[in-house]
Amino acid sequence: MKIAILDDYHDVARRYADWTSLGGDSQVRIFNSHIPDAQVEAELADFDVIVAMRERTPFPADRIQALPKLRLLITTGMRNNAIDMAACKARGVIVCGAPGDALAATATAELAWAHILGLFKHLPAEDAAMRRGMWQTAMPEPLAGRRLGVVGLGKLGAAVARVGLAFGMDVVAWSPNLNDERAREAGVTRVDKHELFATSDVVSLHLVLSDRTRNVVDAAALAAMKPTAYLVNTSRAGLVDQAALMDALVKFRLAGAGLDVYPDEPLSPTDPVRDLDNVILTPHLGYVSRENFEAFYRNALEAVRAWRAGAPVRVLNA
């Protein structure tokens, strides 16, 4: 049995799970860097089992067809929009999930707040100026009394909202399914989409990406935002019309953005967003923690063992 573990950038897969326990008849190859899209089929053609890191490497129908030996595809996490589940089922490829740590959602909310604070306090610019020998080049902005707009009030959005309330912010929320009762339970006010974008000083996105939510932050929503406002996205790049966002940032129709997610990941070294001074960029760190990755790899190993024993667990394409 040949097993490929993809996108282990931190080189922790062998430390966090005992792959040698599978026995001498199993060969494990770990890819510590991302496989370029054009090389994926050639690199993975001989593997029976692939462990994918979230949605870094897509598995559409044509790719599934191009991997004739593939029998088990494991995704870290319990949802993966980059895998064609129907194509896997048609080919007889079982897809299993490997859940992470229960506190992973909290870590993502923390990162959203790192972005919000970095934007309001101009931390990257002041850090860079200090290293050039300068002093007080920007005017920090207070959070108290400002409006935080939370798009999506599930576990993540509610966690972000609680921190906003603790900072003394006026917190409002909107999502396609949000009702007044749920908003009240979270201690915030439900408003319509236009009001949220038009009146918020910072908007933080916390929706699951689906056909319904793709590009939910469209050109009209961005145009409604105040030129002094910020957008923070630690969820999925597909929630935002990327061309409209770039246009708004380049023309300073927005004060700035905090981005942890991108249409193509890893982000290309030449992507123009890297050149913008009014954007804080992080490399999709929202789900990255030792505890989360330990759970990912332990559960992935469990999924391999269970599949080999004929009783696969956490099957996502049953």
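Everything quoted here is computed from the prediction, not taken from an experiment.

Caption draft 1: Fine view of the pairing of strand E10 (residues 230-233). Here E10 shows no split at all, with Tyr230 and Val232 on one side and Leu231 and Asn233 on the other all buried. The pairing of strand E9 (residues 202-205) with E10 spans 4 bridges and is parallel. Of the residues in E10, the one forming a bridge with Ser204 is Val232. The parallel pair E9 and E10 is bridged by helix H10 (residues 219-224), and the resulting crossover is right-handed. The pairing of E10 with strand E11 (residues 256-259) spans 4 bridges and is classified as parallel. Note on E11: the bridge partner recorded for Leu231 is Ala257. The parallel pair E10 and E11, bridged by helix H11 (residues 242-250), forms a crossover whose chirality is right-handed.

Caption draft 2: Inspection of the sheet that holds strand E4 (residues 72-76) at higher detail. Taken together, the 5 strands give an open sheet; going across it, the order is E2-E1-E3-E4-E5, and neighbouring strands pair in parallel fashion. Edge positions in the open sheet fall to strand E2 (27-30) and strand E5 (94-98), since each of these has one partner strand only. Going from strand to strand, the sheet's axes swing by 20 degrees on average, the running direction of each strand aside. Relative to strand E3 (residues 49-52), strand E1 (residues 2-5) is paired through 3 bridges, and the arrangement is parallel. Paired with Ala4 across the two strands is Ile50, which belongs to E3. In the packing of helix H12 (residues 290-308) onto the sheet, the strands contacted are E1, E3, E4 and E5, and the crossing angle to E4 comes to about 160 degrees.

Caption draft 3: View of the sheet that holds E10. Within the open sheet, the 7 strands sit side by side as E8-E7-E6-E9-E10-E11-E12. Their pairing is parallel. Whereas interior strands pair on both sides, the edge strands pair on one side only; in this sheet they are strand E8 (189-190) and strand E12 (279-281). Bridge count between E11 and E12: 3 bridges; the pairing is parallel. Paired with Ala257 across the bridge in E12 is Val279. Against the sheet, helix H5 (residues 104-120) touches strand E6 (147-151), E9, E10, E11 and E12, its axis set at about 155 degrees to E10.

Caption draft 4: Highlighting the confidence of the model for the protein chain. Of the residues in the protein chain, 100% have a pLDDT of 70 or more, and the chain-wide mean is 97. By mean pLDDT, H5 is the weakest element of the protein chain at 95, and E9 is the strongest at 99.

Caption draft 5: Local environment of the layout of surface pockets. Its volume calculated, the largest pocket comes out at about 930 Å³. Forming the boundary of the largest pocket are 32 residues, of which Arg54, Arg79, Ala105, Leu156 and Arg236 lie nearest the centre. Contributions of two or more residues to the lining of the largest pocket are made by H5, helix H7 (155-166) and H12. If you tally residues by element for the lining of the largest pocket, the top one is H5, at 3 residues.

Caption draft 6: Spatial organisation of the packing of H5 against H7. As a packed pair, H5 and H7 sit with axes 9 Å apart at the nearest point and diverge in direction by 45 degrees. Taken as axis vectors, H5 and H7 run oblique relative to one another. Crossing of H5 against H7: the hand is right-handed. Here Ala105, Thr108, Ala109, Ala112 and Trp113 of H5 come into contact with H7, specifically with Lys155, Leu156, Ala159, Val160, Val163 and Gly164. For the contact of H5 with H7, a count of residues per class yields 8 nonpolar, 2 polar and 1 charged.

Thresholds applied
Residues numbered from 1 in each chain as written. Predicted model: local features only at pLDDT ≥ 70, side-chain atom pairs only at ≥ 80, totals over all residues. Heavy atoms only, no water. Buried < 20%, exposed > 50% of the residue type's maximum accessible area, 1.4 Å probe, protein only. Helix = DSSP H or I, 4+ residues; strand = E, 2+ residues; numbered from the N terminus. Pairing = 2+ DSSP bridges. Right-handed = clockwise from strand over helix to strand, strands pointing away. Axes fitted to C-alpha atoms, helices over the stretch in contact; angles between N-to-C directions. Contact = heavy atoms within 4.5 Å. pLDDT = per-residue confidence, 0-100. 1 Å grid on protein atoms, 1.4 Å probe; cavity = no way out; pocket = protein on both sides within 12 Å on 5 of 7 lines; lining within 4 Å. Points joined across faces, edges and corners; volume = space filled by probe spheres on them. Parallel < 35°, antiparallel > 145°, perpendicular 65-115°, else oblique. Left-handed = near helix turned anticlockwise from the far one by under 90°. Nonpolar A, V, L, I, M, F, W, Y, C, P; charged D, E, K, R; others polar.

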